[in-house]
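Remarks on the overall topology
Residues per chain, in single letters:
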Amino acid sequence: MNKKATISIDGKNYDFPVLEGTVGPDTIDITKLYALTNNFTIDPGFTSTASCESSITYIDGDKGECYYRGYPMDELAEKSTFLEVVHLLWNGSLPTKDEWFEYSEAIKNHTMVHEQMKSFFNGFRRGSHPMAILTSVVAAMSAFYPDSTDVNDLDQRKIAARRMIAKVPTLAAMAYKYSIGQPFIYPDNSLDYSENFLQMTFGVPAEKYKINKVLSRALDKIFILHADHEQNASTSTVRLAASSGVNPFASISSGFTSLWGPLHGGANEAALNMLREIGDVKNIPKFIEKAKDKNDPFKLMGFGHRVYKNYDPRAKVMQKTCHEVLSEIGKKDDKILQVALELEKIALKDDYFIEKKLYPNIDFYSGITLNAMGFPSTMFTPLFAVARTAGWIAHWKEMYLDPKNRIGRPRQLYIGEKPRKFLELKDRS
Ligand code: ACO
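Bear in mind the structure is a predicted one, so any value in this text is a computation, not a measurement.

Glancing now at the overall build of the protein chain. Secondary structure assignment for the protein chain yields 18 helices and 6 strands. Its C-alpha atoms give the protein chain a radius of gyration of 24 Å, within 12% of the compact-globule value 22 Å for 429 residues. The principal-axis extent of the C-alpha atoms belonging to the protein chain is close to 75 × 70 × 60 Å. Burial analysis of the protein chain (429 residues in total) assigns 47% to the buried set. The long-range fraction of contacts in the protein chain, counting pairs at least 24 apart against all pairs at least 6 apart in sequence, stands at 70%. Carbon and sulfur atoms form 53% of the exposed surface of the protein chain, whose accessible area is close to 22,300 Å². Within the protein chain, the 52 negative side-chain charges are centred at a point lying 4 Å from the centre of the 54 positive side-chain charges.

Here's what the structure looks like:
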């Protein structure tokens, strides 16, 4: 039997269909609400609102589980590679051997960027934040690759997506190199995706860069963990921007912009800064009290999540990866890691955090891990963006294939002045 929901307004009942997903909560379809009742709904922050149908990622926030195209994300992080996951998100299936050969070769073919893009970088002040550079250069790809900007052409959509997957790491490494005054390092296609990113970031022309397999595997896992997370702020931004029909590079650059904020992709930088500020386990109780104080804006960065009301599954893998990286570089007893472990232990036993279901999120351990790998904190969000590009392009594609897709145009509850008369300046007192 088809489920329905009834809304009663001024004694009149209106029925709306209730849609069932494969898993997860049912969804009341209120598309016709305004036409039938002349009412809107309001939901700031979209706590109860699904903005689209999607088959890409499913999160069970109560259980603390996340699935990419039906596969547990933590299993993919352990057993798969980032590029395979990109293929999975885009196509809906893990690549067969033949598909893998074609896909990985195609991505390699696109790793270099237009040589003239180098001069574009020169317009930025040295020391610019890499995200400031990246938000602009990703949008600028539409000027450098105009042959893949037609969103109505399936082939161009595919090429644009492949270009972004291949070139965003190159651009992110270039943004870093530019910000520290070192020469750009070209991609090396004999390396895999994450190895190549490490050599473009840390290599210098004067000597051969030596790949550390533990670190490159850790980075690959980190990319997988960040690859997609359904309709988060940056993904929804990409979808909304793209709904106007703008070219793919402009759409994806809007995701970069949204991701940069400290409540989203910038939280790992903020979490590491917080752990450094705490500095010693003996200072933890003071910071816990600050986080609980309603009159203090301080929050435990890397804690809490809109969807997860249980331990973020990404944080579990990240904590393990953090131990692997620190042990590889001989910093098992790192003081900041000790602060993080103790802070987590204390917070998870504290009534405030238990009642509000606040658990460590992915950002809690990612800052320590990336820092130990040699990345400065300004590169944390660019790394997140490299990974999330996979999710953004998959959602972008899905949106175009959805026959229900229309330009996004939310409404509002207007609380301003009622229409009033204009007075000439001379008549205003
Ligand atoms: N420390 C202390 N208190 C917190 C924290 C925290 N980290 N997070 C939430 N709370 C409290 C809030 O003050 C609020 O309390 P109240 O009900 O008494 O007003 C309650 O818990 C609910 O929190 P909201 O902020 O309303 O939850 P929301 O879903 O809007 O926000 C968010 C989620 C932004 C992640 C929030 O938990 C937060 O700011 N965390 C710190 C930043 C962070 O780690 N962001 C990374 C998110 S993961 C990602 O983007 C990859």
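Right, picking up where we left off after that structure.
The N-to-C vectors of helix H15 (residues 335-349) and helix H17 (residues 363-372) enclose an angle of 170°; their axes lie 10 Å apart at closest approach. In this view, H15 runs roughly antiparallel relative to H17, as classed from their interaxial angle. Note on element contacts: H17 touches H15 through Phe364, Tyr365 and Ile368, opposite Ile336, Leu337, Ala340, Leu341, Leu343 and Glu344. Grouping the constituent residues of the contact of H15 with H17 by class yields 8 nonpolar, no polar and 1 charged.

Turning our eyes to something else, we now look at unusual backbone geometry. Its identity as a non-glycine residue notwithstanding, Asp10 has a phi of 50°, on the positive side. A relative accessible area of 82% means that Asp10 is categorised as exposed. Residues other than glycine seldom take positive phi values, yet Lys357 does so here, at roughly 55°. Note on placement: Lys357 falls in the loop between helix H16 (351-355) and H17. By relative accessible area, which is 41% here, Lys357 ends up partly exposed.

The next thing to look at is the sheet that holds strand E6 (residues 71-72). The sheet built from 3 strands is open, its strands ordered E4-E5-E6 with antiparallel pairing. The open sheet has two edge strands, strand E4 (57-60) and E6, and neither has a second partner. Pairing geometry for E4 and strand E5 (residues 65-68), over 4 bridges, is antiparallel. In the sheet register, Asp60 faces E5, and the bridge partner there is Glu65.

In this structure, Ser253 sits in helix H11 (residues 248-259). Ignoring sequence-local partners within four residues, the contact set of Ser253 consists of Thr135, Val138 and Ala139.

Close to the ligand lie 20 residues; Lys294, Leu300, Gly302, Arg306 and Lys356 are nearest. The backbone of Leu300 places a nitrogen or oxygen atom 2.7 Å from a nitrogen atom of the ligand. Within the side chain of Arg306, one N or O atom sits 2.7 Å away from an oxygen atom of the ligand. When the ligand sits alone it has 920 Å² of accessible area, and the protein chains cover 75% of it. Class assignment of the residues belonging to the shell around the ligand gives a composition of 10 nonpolar, 5 polar and 5 charged.

A word on the nonpolar core. Tyr68, Phe197, Leu300, Ile368 and Phe375 are the most contacted members of the largest nonpolar core, which has 112 residues in total. Excluding anything up to four places from it in sequence, Ile368 contacts Leu272, Leu275, Cys322, Leu326, Asp334, Ile336, Leu337 and Ala340.

Residues Ile42, Leu413 and Ile415 make up a contiguous nonpolar surface patch of roughly 380 Å² in combined accessible area. Positionally, Leu413 belongs in the segment after helix H18 (380-401). We classify Leu413 as exposed; its relative accessible area is 58%.

This part covers the pattern of salt bridges. Here the idea is simple: oppositely charged side chains can pair when their charged atoms come close. With the rule as written, the count across this model stands at 23 salt bridges. A salt bridge links Glu78 to Lys221; the nearest nitrogen and oxygen atoms lie 3.6 Å apart. Note that Glu78 is positioned in helix H2 (residues 73-79) and Lys221 in helix H9 (residues 213-226), a separation of 143 residues in sequence. Residue Asp350 pairs with Lys292 through a salt bridge whose shortest N-O separation is 2.9 Å. Of this pair, Asp350 sits in the loop between H15 and H16 while Lys292 is found in helix H13 (residues 284-292), placing the two residues 58 residues apart along the sequence. Residue classification places Lys292 among the partly exposed positions, given a relative accessible area of 25%. Through salt bridges with shared partners, a single network forms among Glu78, Lys221, Lys320 and Glu324.

So, on to the side chain of Ser366. With respect to the secondary-structure elements, Ser366 resides in helix H17. Of the residues examined, Ser366 reaches a relative accessible area of 0% and is grouped as buried. Setting aside residues up to four positions removed in sequence, Ser366 forms contacts with Asn268 and Met318.

Another point: the packing of aromatic side chains. Geometry of an aromatic ring pair is reported as the spacing of the ring centres plus the angle between the planes. All told, the structure shown has 20 aromatic pairs when counted by the stated rule. Consider the rings of Phe120 and Phe144, whose centres lie 6.3 Å apart with planes at 80°: the pair is edge-to-face. Linking Phe120 in helix H5 (residues 117-121) with Phe144 in helix H6 (residues 130-144), this pair joins segments that are 24 residues apart in sequence. Relative accessible area serves as the criterion here: at 32%, Phe120 is assigned to the partly exposed category. Ring geometry for Phe303 and Phe353: centres 5.7 Å apart, planes at 70°, overall edge-to-face. With Phe303 in the loop between H13 and helix H14 (313-328) and Phe353 in helix H16, this residue pair connects regions lying 50 residues apart in the sequence. The same class applies to Phe303 and to Phe353, which are both buried. Among the aromatic residues, those joined into a ring-pair cluster are Phe82, Tyr176, Tyr193, Phe197, Phe202, Phe223 and Phe375. Above the ring of Tyr178, the side-chain terminus of Arg126 is found at 4.1 Å from the ring centroid. Between the NZ or CZ atom of Arg411 and the centre of the ring of Tyr34, over which it lies, the distance is 5.8 Å.

Thresholds, definitions, all that
- Throughout this description, residue numbers start from 1 for each chain and increase along the sequence as written.
- Note on the predicted model: pLDDT of at least 70 is required for a residue's local features to be given, and 80 or more for side-chain atom pairs to be given and counted; whole-chain, interface and lining totals, by contrast, use all residues.
- As a rule here, side-chain values come from all non-hydrogen atoms in the structure, and water together with hydrogens is ignored.
- What counts as a helix is a DSSP run of H or I of at least four residues, what counts as a strand is a run of E of at least two, and both are numbered from the N terminus.
- With the radius of gyration taken over C-alpha atoms, the globule rule is written as 2.2 Å times the number of residues to the power 0.38.
- Accessibility here uses a 1.4 Å probe with only protein chains present; expressed as a share of the type maximum, an area under 20% marks a residue as buried, one over 50% as exposed, and anything in between as partly exposed.
- In what follows, residue pairs with any heavy atoms lying within 4.5 Å of each other are defined as contacts.
- The protein chains shown are the only cover counted for residues, whose accessible areas, like all others here, come from Shrake-Rupley with a 1.4 Å probe.
- Neither His nor the chain ends contribute to the count of charged residues, in which Lys and Arg are positive and Asp and Glu negative.
- In this description, the location of a charge corresponds to atom NZ of lysine, CZ of arginine, CG of aspartate or CD of glutamate.
- Every axis in this analysis is a line fitted to C-alpha atoms, fitted for helices over the stretch in contact. Angles between the N-to-C directions lie between 0 and 180 degrees.
- Angle categories: roughly parallel below 35 degrees, roughly antiparallel above 145, roughly perpendicular from 65 to 115, and oblique for all the rest.
- By the convention adopted, Pro, Cys, Tyr, Trp, Phe, Met, Ile, Leu, Val and Ala count as nonpolar, Lys, Arg, Asp and Glu as charged, and the other residues, Gly among them, as polar.
- Pairing between strands is defined by DSSP: at least two bridges between the two strands are required.
- If even one non-hydrogen atom of a residue comes within 4 Å of a molecule or strand, that residue is called near it.
- A 3.5 Å cut-off defines polar contacts: any pair of N or O atoms within that distance qualifies, except that in protein one atom must be a possible hydrogen donor and the other a possible acceptor, and neighbouring residues in sequence count only when both atoms are side-chain atoms.
- Take the buried Ala, Val, Leu, Ile, Met, Phe, Trp, Tyr and Cys residues and link them wherever side-chain atoms come within 4.5 Å; each set so joined is a nonpolar core.
- Only residues whose relative accessible area exceeds 30% and that take part in no salt bridge are eligible for patches, with like-charged residues grouped when within 9 Å of each other and nonpolar side chains (Val, Leu, Ile, Met, Phe, Trp, Tyr) grouped when within 5 Å.
- Salt-bridge detection follows one rule: a side-chain nitrogen of Lys or Arg within 4 Å of a carboxyl oxygen of Asp or Glu.
- Stacked, tilted and edge-to-face pairs are distinguished by plane angle, under 30 degrees for stacked and over 60 for edge-to-face with tilted covering the rest, among Phe, Tyr and Trp rings (Trp via its six-membered ring) whose centres lie within 6.5 Å.
- Charge-over-ring contacts are defined here by two conditions on Lys NZ or Arg CZ: a distance within 6 Å of the ring centre and an angle within 35 degrees of the ring normal.

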